[in-house]
6 protein chains.
Amino acid sequence: MTNLDERIERILTSYEEFGGINLTDNQHFPNRQTVVEVICDLENIIFPGFRENTSIDRESLRFVTGERLHRVALKLTGEVLKAIKYICEISQREGKGCYKYAEQIVLALIDEIPEFRRLSVTDAQAALDGDPAARSVEEVILSYPGLEALLVHRIAHFLHSKGVPIIPRMMSEYVHGKTGIDIHPGAKIGEECFIDHGTGVVIGETCVIGKHVKVYQGVTLGALSVKKAMADKKRHPTIEDNVTIYAGATILGGETVIGEGSVIGGNTWITETVSPKSRIYNCPS
Amino acid sequence: MTNLDERIERILTSYEEFGGINLTDNQHFPNRQTVVEVICDLENIIFPGFRENTSIDRESLRFVTGERLHRVALKLTGEVLKAIKYICEISQREGKGCYKYAEQIVLALIDEIPEFRRLSVTDAQAALDGDPAARSVEEVILSYPGLEALLVHRIAHFLHSKGVPIIPRMMSEYVHGKTGIDIHPGAKIGEECFIDHGTGVVIGETCVIGKHVKVYQGVTLGALSVKKAMADKKRHPTIEDNVTIYAGATILGGETVIGEGSVIGGNTWITETVSPKSRIYNCPS
Amino acid sequence: MTNLDERIERILTSYEEFGGINLTDNQHFPNRQTVVEVICDLENIIFPGFRENTSIDRESLRFVTGERLHRVALKLTGEVLKAIKYICEISQREGKGCYKYAEQIVLALIDEIPEFRRLSVTDAQAALDGDPAARSVEEVILSYPGLEALLVHRIAHFLHSKGVPIIPRMMSEYVHGKTGIDIHPGAKIGEECFIDHGTGVVIGETCVIGKHVKVYQGVTLGALSVKKAMADKKRHPTIEDNVTIYAGATILGGETVIGEGSVIGGNTWITETVSPKSRIYNCPS
Amino acid sequence: MTNLDERIERILTSYEEFGGINLTDNQHFPNRQTVVEVICDLENIIFPGFRENTSIDRESLRFVTGERLHRVALKLTGEVLKAIKYICEISQREGKGCYKYAEQIVLALIDEIPEFRRLSVTDAQAALDGDPAARSVEEVILSYPGLEALLVHRIAHFLHSKGVPIIPRMMSEYVHGKTGIDIHPGAKIGEECFIDHGTGVVIGETCVIGKHVKVYQGVTLGALSVKKAMADKKRHPTIEDNVTIYAGATILGGETVIGEGSVIGGNTWITETVSPKSRIYNCPS
Amino acid sequence: MTNLDERIERILTSYEEFGGINLTDNQHFPNRQTVVEVICDLENIIFPGFRENTSIDRESLRFVTGERLHRVALKLTGEVLKAIKYICEISQREGKGCYKYAEQIVLALIDEIPEFRRLSVTDAQAALDGDPAARSVEEVILSYPGLEALLVHRIAHFLHSKGVPIIPRMMSEYVHGKTGIDIHPGAKIGEECFIDHGTGVVIGETCVIGKHVKVYQGVTLGALSVKKAMADKKRHPTIEDNVTIYAGATILGGETVIGEGSVIGGNTWITETVSPKSRIYNCPS
Amino acid sequence: MTNLDERIERILTSYEEFGGINLTDNQHFPNRQTVVEVICDLENIIFPGFRENTSIDRESLRFVTGERLHRVALKLTGEVLKAIKYICEISQREGKGCYKYAEQIVLALIDEIPEFRRLSVTDAQAALDGDPAARSVEEVILSYPGLEALLVHRIAHFLHSKGVPIIPRMMSEYVHGKTGIDIHPGAKIGEECFIDHGTGVVIGETCVIGKHVKVYQGVTLGALSVKKAMADKKRHPTIEDNVTIYAGATILGGETVIGEGSVIGGNTWITETVSPKSRIYNCPS
């Protein structure tokens, strides 16, 4: 390439000029690829046998699981360490202290796996009950994007709740890219949740969603205001138990509560609280 | 990891407690990765040369095609066999009978390839005609997600119509993840179909779509009721020939028919039959 | 497989019958995989260190960048050459002339890298400012799909503006598949753009978007008419500076202008010009 | 390619004409690649931690080992099954019986792993004792080709002794290619064996080698006669305990015995029995 | 890295200073990796089914073969073209002429495949006859390094005889590395050749070897003089039909002929012609 | 697998019983795969363009080289660090000191690259001069195993001379496996060295080899005594300038000197000093 030298120089200059992000030798961001591998290992631990190419019998299951846990622990601890170091710039913690802290978080996550399994099985059952097209719980686990989005969310939410930066967001963006379902790791979602089709669903950071809630494609649970000053406030709605929200509905605002057992019709636009057992529909055009 | 033994034990217990899915030695689900490879091979058979890194001349085309057919037959027969065995638990068929049956289905699918080609070429032509931004039929085949979603749907639908479980759904979820277009394998779609942009399109299991239909992003062709008891009924609308449905429209219900030649405007909400040649628009806000 | 010969014959016949696309020995389409590799290299040049597995210090940065530029130049020149040859069928240019032309375009793109960096940093800053959930500019670069969609768009738009066929569309479809954001390479987008969540966003070929515009998920900036004869006309709207468009809004038509500083509410449907500083909302249902 | 059809025809004809090896649909040879993967897994089970990229702590060691055993069992059983079926053509065993038999052999091999470990550690110690250039037992395990050749031999010999066809030979050829040491799986080799440098060493099928034997590069322990009728006879020499055989020595014949404690000099040629504690040297030229 | 710039400078200078090999933009060496892929494809064409992971039935065999031939033709033509261009610097042939020439050579090689098959089957039969340890012709094809070395040699020799530079040597070095058998592509070797064990065998450029010759490990068929001026002379021996050469024998000189039916004992050193039916042995030490 | 638990237990017990090698959490051996990658990068730095798939022009050469140096520095420093830590158990150096030391060694190696290039070019020239079959220096660099063995040796020898444990031996075993040439990293080898064919060559730890020496296949430069107590003594011969050693010669002993300009015939056995300009031959049998 002609003038390669000069071309590089201009690019290097642009780093300083635009953004000025400093890379120093010991600084790394968590690695996206590794985070995705961890997610896949966790999915295989939680639902063993569903994506395997070879059979696992009952006796070997314990060892396959142990080996995967070991791998998850090693990889995730490394990434969590990078995330903590990068953001916190806690140079005083650089030594063992920081590593210990990362390790504790990862062990806590591993201890949460039975709970992830429990929640995910309730989600799968809700999907089977709620979708006439679903034929078996196995079919749901194998091919429903909503189930995967929720499972990854529950993992990301756990890390988010422990204060781990960046990684939870990487996880939610991974599954957002795969399913079109964008759930912020901060959102709290109860058991037996069913997100059908899912493309275009957006669930904001401070949402609180109860048990047995059904959400269809294109639903937004968002904020009314996006002022930066609002960052620490509850900006997204609360959805109580047994609510169904049909495709394309938009529900906004941190003080908006959808009361227990309500049904929100498709393409509706809601910015105020709705009392329990309400039926809200758009008039058909 | 400390207490790894104990941690594994708790996870193993959670399998029994939550879901209790039994894995036995001879049971396998169809493998997602293999199903995706089959889809890619079929796409390359149907449109040879579009994704190749090396040239294929006319004489070698026959052999490249033969080799791919052979590979598809081997892989797909294996996966169909697993799907049949898993679901049907027809232990009496475990021997040759079951394999023969899987093989017959795969050969029937291979014999359908010319028809997939024919339909897909009509879809590509419809896209070229319907999108002012499209410059050539090759550009459509190379880069229009709607075309790929329809091609994969036509393959999945064929397997679905033969009673193959799980695999058609894996195929439709693969292309849903890739394109944001969610077409249930049960839907019947006529030739010259054009889905533009596509993200957020949902087409339900019992939809019937005629010829020369155009569908834009965010369109839902869904069910009014999602009661499980409805599983065997027609729950999704019928779209007759030459209908255009603009972005974000929602059409619901198994008895809803959009009459021939109608145009359904964007963001509309339709739950009743529309007579032929109708023009239905939302009033602008 | 029984009757493999005959089955192949029928497929070969279907190529002629349906589509009749001729493959000749010297004709190749640009390769999707290579185009994606080029995109990844360019992203790593523009934001070095964000996806690396190993550290890059300041001194080695220049060489890592140089090596990547070299690789981009080689690969992209090859693909651009194929794109030009395929479409233009400019047999008279087959020799050096055609290669020179491809090389010039690629060098021009490389010289635009500092500008891509500049624009992308303004986009990242806009995201940080506009999303209360964003914690740092690094988090935005690492995990916001809107940022990646815009960066890839800016690259694709540059090639589109140079008259390169097919490749810009491959790039935009790549990132459409990944993010659910569908921006036609022809669209003109100003700096400080923020697309939040993004799934279902569609931005048409002849859109013109000013500076500091915010766009939420499910927004369509589309055409009123899709007649092929309109292909050379401006068919999509103009969005002036400092406009915010909330989720699910649909803005159509080549003469529609959203005036400076306006706010367009969610799920609105707009087909006419809106004066500056307007506030357009759907009435809540 | 011109005349591709005709060219293929001639190749197909050559299969019939030369060799006429019949491939039928259910017949497979054991797969070389899988056999190599099994060898690598077994090496990692026997010497865990030596080739790992990530650390294994004491608690996870059990699970990593279990997962590897499970993988070995699955893969090797499949390959042994193919080997038995192919060679024996025992169609009556095609059902469960044949599989059971393969499984028993593999389980027996797994139960032999501690013995492989024991023998290999004696070999490593012998290398450390016998080579002034060796610095630690770990260095020997990590980088001495003789050690690997012996370990793989011990595994191959076990399968050979169980009557498994082809696979033992694949194993010995794998390590022959890697180290230049060619040990027939039939050879019996005692503990504390040290093969230094190793390139060109050939040890025949019916060799019997005692304990604590040292063998240098280019040594042949071969047959005097290679008549096919000799196939079931002992054709290769017996080497008693504590013998050293220097580089390039050739020892031939099934009745040749190298007596306990003897030293056989380099480039010697021996076809008759040598009494214990002999010193046999070539006169220097 | 500190002073990276300066360190690179010194390396770049060393290119000029030592060797001064000029790399220009259009010059490429044949690619080793591609040459190895071609070899593997050719081996699979010549002995189909021996290394396959999936079954090939009789009907698909023709298409699998056709697809492989097509791939070999494309890859090998490209590499031969590079080899011709690099060495010959025949800039006047740079255009179509040079490509045509490369293509002709590759087609000639493809037409030789039945002959390669024939020869290789005679070699396999000779191995089965000559080695009491061999159990079946399939075992020989699957695992005898001598057979593979001869097959690759026959391919390399064909290209060498057509004047293709570098590639034949790459092929022979590939199989030399794999088997320890070093046959110069120039050597002429008759049918029914059996090289047992093989490590350390060296067969020189101008050797001529008759039919039904057996060669054991460590045999050298070399030159007496290595003066560069001898490059165009016959420098290596002639071995007539039905000769056996035992391990470690050294036969040197272009005028040395080993007469028909002779047996040359191990570790012998021969520099003069030996009459037919001779028995030459080293006296045992 | 039945009784998997018990089987694992027995294997774990065997670790303690046989060898008792302790793996602790922070201990790693250098990784073989990474060491091989470093070797390949170094070979590509020293002879750029010889194994590339894409062209490198003069301007980009500097950056490709820089990027490779950066990669080598990162990877090799990590592996050297592991090697130092493992062997030395210098826990007091665990911190920065140890890393600094590893880094210094790697930088010193990088500064030696021009010298490696210089020496390797003299070796290539010697091969071209010494082998009538060699056609060009490029052919030698591309395909002569002796050249690669010497280049890797020179790199391994440098690290060995700096006291790095294990890694030099991994390097020499890597190239031993590839070429059949076994040179201990401790050996000192002068410029213009040519090892022809090479299989079976063994060069011991304390050998000293002068300039312009030619060595043929199967040559051993070894020790007379292999008593462990001799580990720190010179045990292997000295070969003065301009010596030629033909195939299969064995030269033993630390006090043995082959005088300047001597020619040592094939299959000779030498254990005493040979005066300059000697001609030593085996009498032909």
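Worth saying up front: this structure is predicted, and the values here are computed from it rather than measured.

### Section: the overall build of chain A
Scanning chain A from terminus to terminus reveals eight helices and 14 strands. The dimensions of chain A, computed from C-alpha atoms along their principal axes, are 65 × 55 × 45 Å. Per-residue burial for chain A yields a buried fraction of 66% across its 285 residues. At a minimum sequence separation of 6, the contacts of chain A that also span at least 24 residues come to 47%. Mean positive and mean negative side-chain charge positions of chain A (31 and 38 charges, respectively) differ by 2 Å.

### Let's talk about the relation of the copies chain C and chain A
Its rotation angle being 120 degrees, the transformation that places chain C on chain A also includes 0.0 Å of axial translation and leaves an RMSD of 0.0 Å. Here the symmetry operator amounts to a three-fold rotation axis. The position closest to the rotation axis in chain C is occupied by the C-alpha of Gly-200 of chain C, lying 3.6 Å away. Looking at the interface residues of chain C, only 7% of them are also at the interface in chain A, so each copy uses its own face.

### Focus: the domain arrangement of chain A
Residue and element names in this part refer to chain A. What the domain assignment lists for chain A is domain 1 (26–180) and domain 2 (187–285). For domain 1 and domain 2, the distance between their C-alpha centroids amounts to 25 Å. Between domain 1 and domain 2, the contact holds 18 residues from the first and 18 residues from the second. Both sides of the domain 1 and domain 2 interface together cover about 1300 Å² of buried area, and 55% of this is carbon and sulfur. The largest share of the area that domain 1 buries against domain 2 comes from Leu-150, His-153 and Gly-180, three residues that together contribute 28% of it.

### Section: the interface of chain B and chain C
Each side of the interface is counted separately: chain B has 58 residues, and chain C has 49 residues. At the boundary of chain B with chain C, total buried surface from both sides reaches about 4900 Å², with 56% on carbon and sulfur atoms. Counting the contacts that link chain B with chain C gives four salt bridges. The shortest N-O distance in the salt bridge between Asp-111 of chain B and Arg-7 of chain C comes to 2.8 Å. At the surface where chain B touches chain C, the tally comes to 15 residue pairs in polar contact (both at pLDDT 80 or more). Elements with a contribution of two residues or more to the side of chain B that touches chain C: helix H2 (32–46), helix H3 (58–88), helix H4 (96–111), helix H5 (113–130), helix H6 (137–143) and helix H8 (167–179) of chain B. Residues that form the side of chain B that touches chain C fall into these classes: 25 nonpolar, 18 polar and 15 charged.

### Quick notes on the environment of Asp-131 of chain B
When you line up the elements, Asp-131 of chain B lands in the loop between H5 and H6. The sequence separation of Asp-131 of chain B and Phe-194 of chain B amounts to 63 residues, and the corresponding C-alpha distance is 9.2 Å.

### What to know about the arrangement of the chains
The least C-alpha distance between chain C and chain D, which are not in contact, is 10 Å. At no point do chain A and chain E touch; the closest pair of C-alpha atoms across them sits 10 Å apart.

### A look at the sheet that holds strand S13 (residues 269–270) of chain F
Residues and elements named next belong to chain F. Pairing is parallel across the open sheet formed by five strands, whose spatial order is S1-S4-S7-S10-S13. Two strands close off the open sheet at either side, each with one partner strand: strand S1 (182–183) and S13. In terms of strand pairing, S1 meets strand S4 (residues 202–203) through two bridges, oriented parallel. Counterpart to Ile-183 in the pairing with S4 is Ile-203.

### What about the interface of chain C and chain A?
Taken together, the contact pairs 58 residues of chain C with 49 residues of chain A. When the two sides are added together, the surface that chain C and chain A hide from each other amounts to roughly 4900 Å², 56% of it contributed by carbon and sulfur. Connecting chain C to chain A are four salt bridges. Glu-205 of chain A is the salt-bridge partner of Arg-135 of chain C, the closest N and O atoms lying 2.7 Å from each other. Connecting chain C to chain A are 15 residue pairs in polar contact (both at pLDDT 80 or more). Counting residues per element, the ones that place at least two in the side of chain C that touches chain A are helix H2 (32–46), helix H3 (58–88), helix H4 (96–111), helix H5 (113–130), helix H6 (137–143) and helix H8 (167–179) of chain C. Its residues assigned to classes, the side of chain C that touches chain A shows 25 nonpolar, 18 polar and 15 charged.

### A closer look at a negative patch on the surface
Where like charges cluster on the molecular surface, the negative patch consists of Glu-59 of chain A, Asp-5 and Glu-6 of chain B together with Asp-5 and Glu-6 of chain F. Tracing the sequence through the fold places Asp-5 of chain B in helix H1 (residues 4–17). Look at Asp-5 of chain B and you get partly exposed, because its relative accessible area is 36%.

### Describing the sheet that holds strand S4 (residues 202–203) of chain D
Residues and elements named next belong to chain D. Spatial strand order, S1-S4-S7-S10-S13: five strands in an open sheet with parallel pairing. On the outer flanks of this sheet lie strand S1 (182–183) and strand S13 (269–270), each paired with one strand and no other. Across two bridges, the pairing between strand S10 (residues 250–252) and S13 is parallel. Among the inter-strand pairings, Ile-251 is bridged to a residue of S13, identified as Ile-270.

### Structural notes on the pattern of salt bridges
Counting across every chain of the model gives 102 salt bridges over all chains. Two residues, Arg-118 of chain C and Glu-191 of chain C, come together in a salt bridge whose shortest N-O distance is 3.0 Å. Here Glu-191 of chain C lies in the loop between strand S2 (188–189) and strand S3 (194–195) and Arg-118 of chain C lies in helix H5, a separation of 73 residues in the sequence. It is possible to trace a salt-bridge network through shared partners that takes in Glu-43, Arg-51, Glu-148 and Lys-178 of chain A.

### Things to note about the environment of Leu-109 of chain C
Residues and elements named next belong to chain C. Looking at the element boundaries, Leu-109 is found in helix H4. Sequence separation of Leu-109 and Val-201 is 92 residues, and the distance between their C-alpha atoms is 26 Å. When residues no more than four places from it in sequence are discounted, the contact partners of Leu-109 are Leu-42, Leu-76, Phe-116, Ile-155, Phe-158 and Leu-159.

### So, the relation of the copies chain B and chain C
Mapping chain B onto chain C is achieved by rotating through 120 degrees and translating by 0.0 Å along the same axis, at an RMSD of 0.0 Å. The residues that chain B uses at the interface reappear at the interface of chain C in only 7% of cases, marking distinct surfaces.

### Observations concerning unusual backbone geometry
Even without being glycine, Ile-166 of chain B reaches a positive phi, approximately 65 degrees. Structurally, Ile-166 of chain B can be placed in the loop between helix H7 (145–161) and H8. Overall, Ile-166 of chain B belongs to the buried group, its relative accessible area being 6%. Positive phi is not limited to glycine here, since Asn-242 of chain D has a value of about 60 degrees. Take Asn-242 of chain D: it is sitting in the loop between strand S8 (238–239) and strand S9 (244–245). Judged by relative accessible area, which is 36%, Asn-242 of chain D ranks as partly exposed.

### Brief notes about helix H1 (residues 4–17) of chain C
Between its first and last C-alpha, H1 of chain C extends 20 Å over 14 residues, near the 20 Å set by a 1.5 Å rise per residue. Looking one or two residues beyond H1 of chain C, the residue adopting positive phi is Gly-19 of chain C, at roughly 105 degrees.

### A word on the state of the cysteines
Considering all chains together, one arrives at zero disulfides over all chains under this definition. Distance from the sulfur of Cys-193 of chain B, which forms no disulfide, to the nearest cysteine sulfur (Cys-207 of chain B) is 11 Å.

### Considering the packing of aromatic side chains
Applying the stated criterion across every chain yields a total of 27 aromatic pairs over all chains. Seen in terms of ring centroids, Phe-29 of chain A and Phe-50 of chain C are 4.4 Å apart; in terms of plane orientation they differ by 20 degrees. Their pairing is stacked. Residue Phe-29 of chain A is found in the loop between helix H1 (4–17) and helix H2 (32–46), and its partner Phe-50 of chain C is found in the loop between H2 and H3; the two belong to separate chains. Taking 6.0 Å as the distance between ring centres and 75 degrees as the angle between the ring planes, the aromatic pair formed by Phe-47 of chain A and Phe-50 of chain A counts as edge-to-face. Take Phe-47 of chain A: its relative accessible area is 5%, and that puts it in the buried class. Members of the aromatic cluster, connected to one another through ring pairs, are Phe-29 of chain A together with Phe-47 and Phe-50 of chain C.

### Quick look at the packing of helix H1 (residues 4–17) of chain E against helix H5 (residues 113–130) of chain F
Interaxial distance between H1 of chain E and H5 of chain F falls to 8 Å at its minimum, and their mutual angle equals 15 degrees. Comparing their axes, H5 of chain F and H1 of chain E come out roughly parallel. Here H1 of chain E runs over H5 of chain F; the crossing is right-handed. Counting all contacts with H1 of chain E, which are made through Arg-10, Ile-11, Ser-14 and Tyr-15 of chain E, the residues of H5 of chain F involved are Ile-113, Pro-114 and Arg-117 of chain F.

### Some details on the packing of H2 of chain B against H7 of chain B
All names here are of chain B. Packing of H2 against H7 leaves a shortest axis separation of 11 Å and a crossing angle of 110 degrees. The orientation of H2 with respect to H7, classified from their angle, is roughly perpendicular. Facing H2, whose interface residues are Ile-39, Leu-42, Glu-43 and Ile-46, H7 presents Glu-148, Leu-151, Val-152 and Ile-155. For the contact of H2 with H7, the residue count by class is six nonpolar, no polar and two charged.

Rules used throughout
- Residues numbered from 1 in each chain as written.
- Chains lettered and ligands numbered in written order.
- Predicted model: local features only at pLDDT ≥ 70, side-chain atom pairs only at ≥ 80, totals over all residues.
- Heavy atoms only, no water.
- Helix = DSSP H or I, 4+ residues; strand = E, 2+ residues; numbered from the N terminus.
- Buried < 20%, exposed > 50% of the residue type's maximum accessible area, 1.4 Å probe, protein only.
- Contact = heavy atoms within 4.5 Å.
- Lys, Arg positive; Asp, Glu negative; His and termini not counted.
- Charge placed at Lys NZ, Arg CZ, Asp CG, Glu CD.
- Least-squares fit on C-alpha atoms with pLDDT ≥ 70 in both.
- Domains from an automatic or database assignment.
- Buried area = accessible area lost by both parts, 1.4 Å probe.
- Salt bridge = Lys/Arg side-chain N within 4 Å of Asp/Glu carboxyl O.
- Polar contact = N/O pair within 3.5 Å; in protein donor to acceptor, adjacent residues only side chain to side chain.
- Nonpolar A, V, L, I, M, F, W, Y, C, P; charged D, E, K, R; others polar.
- Pairing = 2+ DSSP bridges.
- Patch = residues over 30% accessible without salt bridge, like charges linked within 9 Å, V, L, I, M, F, W, Y side chains within 5 Å.
- Areas by Shrake-Rupley, 256 points an atom, 1.4 Å probe, with all protein chains shown as cover.
- Expected span 1.5 Å × (residues − 1).
- Disulfide = S-S within 2.5 Å.
- Phe/Tyr/Trp six-rings, centres within 6.5 Å; stacked < 30°, edge-to-face > 60°.
- Axes fitted to C-alpha atoms, helices over the stretch in contact; angles between N-to-C directions.
- Parallel < 35°, antiparallel > 145°, perpendicular 65-115°, else oblique.
- Left-handed = near helix turned anticlockwise from the far one by under 90°.

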